[in-house]
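Observations on chain architecture
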Amino acid sequence: MKKMMPWIATALLAITLIVVVAFVFLKLQPDKNDNTHTAAAAEEKKMTADEIVEVSSELPQIKTNLADPDRIIMVSFSFRLSDKTAKEDFDKIQSITVKPIIIQALADTKAEELNTAKGMKQFNEKLTGLINEALPEPNLKSTSISDIVIAPM
């Protein structure tokens, strides 16, 4: 019996390892019945124009200096929030919370970073994260630059 004990322990360890690996691989495969990401994306795409207006807010014409000492920017933003009540709360604190965050972010940004679509997208994502951190509840889904002019001083 003493000679069989290491073999039995090795066999049990191997079986346990096979079960764990199989469980991990089955857990990592997407479930065909669970289409939460697809359903959420489809639901967001199906919004009507009125629904988009209900959850969108605008911040017109912010004028400030960029990180480049000889460049100024005039920019307008549009924000998309999760629902109508989030939009109403966002509009209340837009001037006192959101606008200073945008001005600080622009002060650290160079004109070259905003000259490309990729740069604008990265700036919008950064801004969305910064604003969501400052909000009581992070309901901001996206930020978009709706108008931009960069000019020398």
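Let me sum up the structure you'll find in this document.

Take the side chain of Thr64 next. Tracing the backbone shows Thr64 in strand S1 (residues 56–65). For Thr64, a relative accessible area of 17% puts it in the buried group. Leave out the neighbours within four places in its chain, and Thr64 touches Ile72, Ile73, Ile103 and Leu106.

Another aspect to go through is the pattern of salt bridges. Inspection of every chain in the model, using the stated rule, returns one salt bridge. With a closest N to O distance of 3.2 Å, Asp91 and Lys87 form a salt bridge. Of this pair, Asp91 and Lys87 both sit in helix H4 (residues 84–107), four residues apart, which is roughly one turn of that helix.

Of all hydrophobic cores here, the largest spans 23 residues; its most connected members are Phe77, Phe79, Ile102, Leu106, Phe123, Leu127 and Ile131. Contributions of two or more residues to this core are made by S1, strand S2 (71–81), H4, helix H5 (117–134) and strand S3 (140–152). Among the elements that line this core, the one with the most residues is H4, at seven residues. Excluding its chain neighbours within four sequence positions, the residues that come into contact with Leu106 are Thr64, Asn65, Leu66, Ala67, Ile73, Val75, Leu114 and Phe123.

Moving on, we come to a negative patch on the surface. Taken together, the side chains of Asp83, Glu88, Asp89 and Glu137 make up a negatively charged region of the molecular surface. Along the chain, the position of Glu137 falls in the loop between H5 and S3.

This part covers the packing of aromatic side chains. Aromatic ring pairs are described here by two measures, namely the spacing of the ring centres and the angle between the planes. Inspection of every chain in the model, using the stated rule, returns three aromatic pairs. The interplanar angle of 35° and the centroid separation of 6.5 Å between the aromatic rings of Phe77 and Phe123 together place this pair among those described as tilted. Note that Phe77 is positioned in strand S2 and Phe123 in helix H5, a separation of 46 residues in sequence. Note on Phe123: relative accessible area 5%, which makes it buried. An aromatic cluster of three or more residues is present, and its members are Phe77, Phe79, Phe90 and Phe123.

Taken together, the side chains of Leu17, Val20, Val21, Phe23, Val24, Phe25 and Leu28 define a hydrophobic patch exposed on the protein surface, amounting to about 710 Å² of accessible area. Along the chain, the position of Phe25 falls in helix H1 (residues 5–28). Look at Phe25 and you get exposed, because its relative accessible area is 54%.

Before going further, it helps to spend a moment on the pairing of S2. Bridge count for S1 against S2 is eight bridges, and the pairing is antiparallel. Of the residues in S2, the one forming a bridge with Asn65 is Ile72. In sequence, S1 turns back onto S2 through a hairpin of five residues. Across eleven bridges, S2 lies against S3 in antiparallel orientation. Bridging from a neighbouring strand, Arg71 pairs with Pro152 of S3.

The first and last C-alpha atoms of H5 sit 26 Å apart over 18 residues, in line with the 26 Å expected at 1.5 Å per residue. Among all positions in H5, only Gly119, Phe123, Asn124, Leu127, Thr128, Ile131 and Asn132 are buried.

Within a sheet, each strand pairs with its neighbour through backbone hydrogen bonds, oriented either parallel or antiparallel. Pairing is antiparallel in the open sheet, where three strands are placed in the order S1-S2-S3. The outermost strands of the open sheet, each flanked by one partner alone, are S1 and S3. Going from strand to strand, the sheet's axes swing by 15° on average, the running direction of each strand aside. Those strands touched by H5 are S2 and S3, and its axis lies near 125° from that of S3.

Calculation rules
- Residues numbered from 1 in each chain as written.
- Predicted model: local features only at pLDDT ≥ 70, side-chain atom pairs only at ≥ 80, totals over all residues.
- Heavy atoms only, no water.
- Helix = DSSP H or I, 4+ residues; strand = E, 2+ residues; numbered from the N terminus.
- Buried < 20%, exposed > 50% of the residue type's maximum accessible area, 1.4 Å probe, protein only.
- Contact = heavy atoms within 4.5 Å.
- Salt bridge = Lys/Arg side-chain N within 4 Å of Asp/Glu carboxyl O.
- Core = buried A, V, L, I, M, F, W, Y, C linked by side-chain atoms within 4.5 Å.
- Patch = residues over 30% accessible without salt bridge, like charges linked within 9 Å, V, L, I, M, F, W, Y side chains within 5 Å.
- Areas by Shrake-Rupley, 256 points an atom, 1.4 Å probe, with all protein chains shown as cover.
- Lys, Arg positive; Asp, Glu negative; His and termini not counted.
- Charge placed at Lys NZ, Arg CZ, Asp CG, Glu CD.
- Phe/Tyr/Trp six-rings, centres within 6.5 Å; stacked < 30°, edge-to-face > 60°.
- Pairing = 2+ DSSP bridges.
- Expected span 1.5 Å × (residues − 1).
- Axes fitted to C-alpha atoms, helices over the stretch in contact; angles between N-to-C directions.

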